[in-house]
Amino acid sequence: WPRLSASHFASCQAPSRDAVRQLCQQCFSSPPAGLATLAQRVCPSLAAGPEEAEQLVFALHSLTRHVVYRGLTKAEDVLSLFPENFHQNLKSLLTKIILENISAWRNEAQASQISLPRLVDMDWRVDIKTSSDSISRMAVPTCLLQLKIQEDVALCGNSPVVSALTVELNKETLDTMLEGLGRIRDQLSAVANK
Amino acid sequence: SSQQFSALTELLFRFLTEPKEVERFLTQLSDFATMNKISLGPLKNIVKSILLVPNGALKRNLSSEQVKADFIALGLSEEKASYFAEQWKVNSPTLTRLAVGQTLMINQLIDMEWKFGVTAGSSELEKVGSIFLQLKLVIKKGTQMENVYIELTLPQFYSFLHEMERVKTSLESFS
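Residues numbered from 1 in each chain as written. Chains lettered and ligands numbered in written order. Predicted model: local features only at pLDDT ≥ 70, side-chain atom pairs only at ≥ 80, totals over all residues. Heavy atoms only, no water.

Draft legend 1. Main features of the packing of aromatic side chains. Residues and elements named next belong to chain B. Counted under the stated rule, the structure contains 7 aromatic pairs over all chains. Relative to F116, the ring of W114 has its centre 6.3 Å away and its plane inclined at 15 degrees; by these criteria the two rings are stacked. Aromatic ring contacts, followed pair by pair, group F13, F71 and F84 into a single cluster. (Phe/Tyr/Trp six-rings, centres within 6.5 Å; stacked < 30°, edge-to-face > 60°.)

Draft legend 2. Up close: the interface of chain B and chain A. Taken together, the contacts link 56 residues of chain B with 51 residues of chain A. Across the interface of chain B and chain A, roughly 5200 Å² is buried in total on both sides, 69% from carbon and sulfur atoms. Counting the contacts that link chain B with chain A gives 20 residue pairs in polar contact (both at pLDDT 80 or more). Among the residues making up the side of chain B that touches chain A, the classes are represented as 30 nonpolar, 14 polar and 12 charged. (Contact = heavy atoms within 4.5 Å. Buried area = accessible area lost by both parts, 1.4 Å probe. Polar contact = N/O pair within 3.5 Å; in protein donor to acceptor, adjacent residues only side chain to side chain. Nonpolar A, V, L, I, M, F, W, Y, C, P; charged D, E, K, R; others polar.)

Draft legend 3. Representation of the nonpolar core. Grouped together as the largest cluster of nonpolar side chains are 32 residues, with contacts concentrated most on A:L23, A:C24, A:V57, A:L60, A:V67, A:L94 and A:I98. Sorting the residues of this core by element identifies α2 (17-29), α3 (35-46), α4 (50-70) and α6 (88-111) of chain A as the ones contributing at least two each. Ranked by residue count, the leading element in this core is α6(A), at 8 residues. Core analysis: the next-biggest nonpolar cluster, separate from the first, contains 31 residues, A:L147, B:I150, B:F160 and B:V167 among them. (Core = buried A, V, L, I, M, F, W, Y, C linked by side-chain atoms within 4.5 Å. Buried < 20%, exposed > 50% of the residue type's maximum accessible area, 1.4 Å probe, protein only. Helix = DSSP H or I, 4+ residues; strand = E, 2+ residues; numbered from the N terminus.)

Draft legend 4. Local environment of the domain arrangement of chain A. Each domain of chain A was delimited in the assignment, giving domain 1 (17-112) and domain 2 (118-193). Averaged C-alpha coordinates put domain 1 of chain A and domain 2 of chain A at centres separated by 42 Å. (Domains from an automatic or database assignment.)

Draft legend 5. Region of the structure containing the packing of α2(A) against α4(A). Residues and elements named next belong to chain A. Contact geometry of α2 with α4 gives a least axis separation of 8 Å together with a crossing angle of 75 degrees. In terms of axis orientation, α2 runs roughly perpendicular to α4. From α2, L23, C24, C27, F28 and S29 reach across to α4, where they touch L56, V57, L60, H61, T64, R65 and V68. Split by residue class, the contact of α2 with α4 holds 8 nonpolar, 3 polar and 1 charged. (Axes fitted to C-alpha atoms, helices over the stretch in contact; angles between N-to-C directions. Parallel < 35°, antiparallel > 145°, perpendicular 65-115°, else oblique.)

Draft legend 6. The arrangement of the domain arrangement of chain B in detail. When its domains are assigned, chain B resolves into domain 1 (2-104) and domain 2 (109-173). For domain 1 of chain B and domain 2 of chain B, the distance between their C-alpha centroids amounts to 46 Å.

Draft legend 7. Fine view of the environment of A:L145. By the secondary structure assignment, A:L145 is in strand β2 (residues 140-150). A:L145 sits 19 residues away from A:V126 along the chain, and the two C-alpha atoms are 8.7 Å apart.

Here you go:
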């Protein structure tokens, strides 16, 4: 990963601490493809040329992502990532900011990892079928289950696509399903108790 | 003759309770025709008309007396009409169940497959250790089957299981 160099920061004016904090967050969250745009956006506030801004943004992105990837939690581990001649105060500040955000960033990484479409919500209702074209009188209970499914976050970026799927289950199907779900629960307990 | 009539009736009801066995029914019909020296063509027409009666009876939820009355009105003898009505009474639970089974279902859930495992690592996190659960739902949309894949977290799974148990309680209280 591109090594952080003191020069990346030298030509930039460090604005407020909060601005640094925000920049770190933005650099972590941005996918690699969005870094160039991010650099352009923050350029004016950093009082740096476009090239320096880009180098800085890329470096911060790599640093924060590396810390999260390796699961570093100790200040020493993060500090050791900086080169020797790095500005002391800035090094401490960045380390502090990173450590503060580690668990939130870990959750963010997990939430956005590749997966099958995810269940985000479910609703159900039970209807009684009273009549149909094949039989004029009956009283058959049936279940309608609505699943809200979100497509892979990695594919949708900032505008996740959520679709609703409604399925109908009769009593037999429900019983079979519950049998399957029960088996999953039993296996999960077995794994947990090991 | 009444013997022939009962044999034919039996044939008809066997078909009605197993509507998928069309080949078998046609074979049995032609055997019946040969045995009794009736020509197959007219027999088929008669059978077609007779079959309309039980189907209509199902749609209108007729009792066996009403079915008997219908047959008598159509010109069948009292004895034969009674026999048919009896057969109808005996077979109606099966026939009702079949009719209910044919009733429209929207996106019927046909099957569910599952697997669960542990995510060991990812491109963003070297070590993860989180449990995932994946479900494959097979759904009948119109005449075609569609597979839907979804992933659930553990809390979502327990919540889903809990809700499905509530559905079962609800369905049972209405049965």
